[in-house]
Amino acid sequence: MLRVTVLCLGRLKEKYYIDACREYIKRLSAWCQPEVIELPENGDIVSKIPKGAYVIALCVEGDKTDSPGLAERLSRITLEGGSRVCFLIGGSEGLPPEAKALARWRLSMSDMTFPHHLARVMLLEQIYRAFTINAGTKYHK
C-alpha cells in the first residue's frame with residue numbers, strides 16, 4: 001500500500017480546515033497510508049522528507065494537470081515500484097528553493113492564488129479523487 005505524506009509549512013488553526021482534512025485523511029486510509037506533518041512556518045521541511053519518497057512540490061511555477069492526470073501519475077509511481085510519495089506545501093512565503101530542488105515533479109494547482117491552508121484541503125481531496133479514479137469508483141464524474 002502506497003504511503004502518502006503531506007508535509008506542510010504552517011499549522012491549521014481554523015476548525016473547518018481541520019475538520020475537512022480529517023475527513024479526507026479518513027477517506028484516504030482505505031486506499032493508502034496517509035500522513036500529514038505540520039511544521040512551523042520557518043521549519044526545516046527538507047529534513048522531514050521521508051527517505052526514498054517520490055517528492056512532489058506544490059508551487060506556482062509547477063506543471064498543471066487535471067484530476068485524471070494526477071491519478072495517472074500516482075499509478076505510474078506505484079507501477080514503477082514506488083512505495084512512498086511526499087507532497088510539499090509551503091507556507092505564506094511558499095517553499096524554500098532547496099525543497100523545490102528535491103522535487104521530481106513541481107505541481108501547480110491553479111493560476112489563481114489560494115491560502116496555503118485551503119490548498120492542503122484541496123490537495124487531500126485531489127489525492128482521494130485520484131485513488132477513486134484509479135479504482136474506477138463513481139466519486140469522480
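None of the values given here were measured: they were computed from a predicted structure.

### Notes on the nonpolar core
- Of all hydrophobic cores here, the largest spans 29 residues; its most connected members are Val6, Leu74, Val85, Phe87, Ile127 and Phe131.
- Residue assignment for this core shows that the elements contributing at least two residues are β1 (3-9), α1 (15-28), β3 (54-63), α2 (67-79), β4 (84-89), β5 (105-107) and α4 (116-135).
- In terms of residue count, the dominant contributor to this core is α4 (seven residues).
- If we ignore the near neighbours within four places in the chain, the residues touching Ile127 are Val4, Val6, Leu28, Leu70, Leu74 and Phe87.
- Membership of the second largest hydrophobic core comes to 13 residues, among which are Ile45, Ala53, Cys86 and Ala103.

### Points about the packing of α2 against α4
- The N-to-C vectors of α2 and α4 enclose an angle of 75°; their axes lie 8 Å apart at closest approach. Our classification of the angle between α2 and α4 gives roughly perpendicular. For the pair formed by α2 and α4, the contact residues are Ser67, Pro68, Leu70, Ala71, Glu72, Leu74 and Ser75 on the first element and Gln126, Ile127, Arg129, Ala130, Phe131, Ile133 and Asn134 on the second.
- Grouping the amino acids of the contact of α2 with α4 by side-chain chemistry returns eight nonpolar, four polar and two charged.

### Brief notes about the side chain of Arg120
- Counting through the fold element by element, Arg120 comes out in helix α4.
- From its side chain, Arg120 meets the backbone oxygen of Gly10 in a polar contact 2.9 Å long.
- Not counting chain neighbours up to four residues away, the residues in contact with Arg120 comprise Cys8, Gly10, Arg11, Leu12, Cys21, Val36, Glu38 and Ile89.

### Examining α2
- Taking 1.5 Å per residue, 13 residues should reach 18 Å; α2 reaches 18 Å between its end C-alpha atoms and fits that length.
- Buried within α2 we find Ser67, Gly69, Leu70, Ala71, Arg73, Leu74 and Ile77.
- Contacts from the buried residues of α2 go to β3, β4, β5 and α4.
- With a side-chain oxygen lying 2.8 Å from the backbone nitrogen of Gly69, the N-terminal cap of α2 falls on Asp66.
- Looking one or two residues past α2, Gly81 carries a phi angle of roughly 95°, positive in sign.

Cut-offs and rules
Residues numbered from 1 in each chain as written. Predicted model: local features only at pLDDT ≥ 70, side-chain atom pairs only at ≥ 80, totals over all residues. Heavy atoms only, no water. Core = buried A, V, L, I, M, F, W, Y, C linked by side-chain atoms within 4.5 Å. Buried < 20%, exposed > 50% of the residue type's maximum accessible area, 1.4 Å probe, protein only. Helix = DSSP H or I, 4+ residues; strand = E, 2+ residues; numbered from the N terminus. Contact = heavy atoms within 4.5 Å. Axes fitted to C-alpha atoms, helices over the stretch in contact; angles between N-to-C directions. Parallel < 35°, antiparallel > 145°, perpendicular 65-115°, else oblique. Nonpolar A, V, L, I, M, F, W, Y, C, P; charged D, E, K, R; others polar. Polar contact = N/O pair within 3.5 Å; in protein donor to acceptor, adjacent residues only side chain to side chain. Expected span 1.5 Å × (residues − 1).

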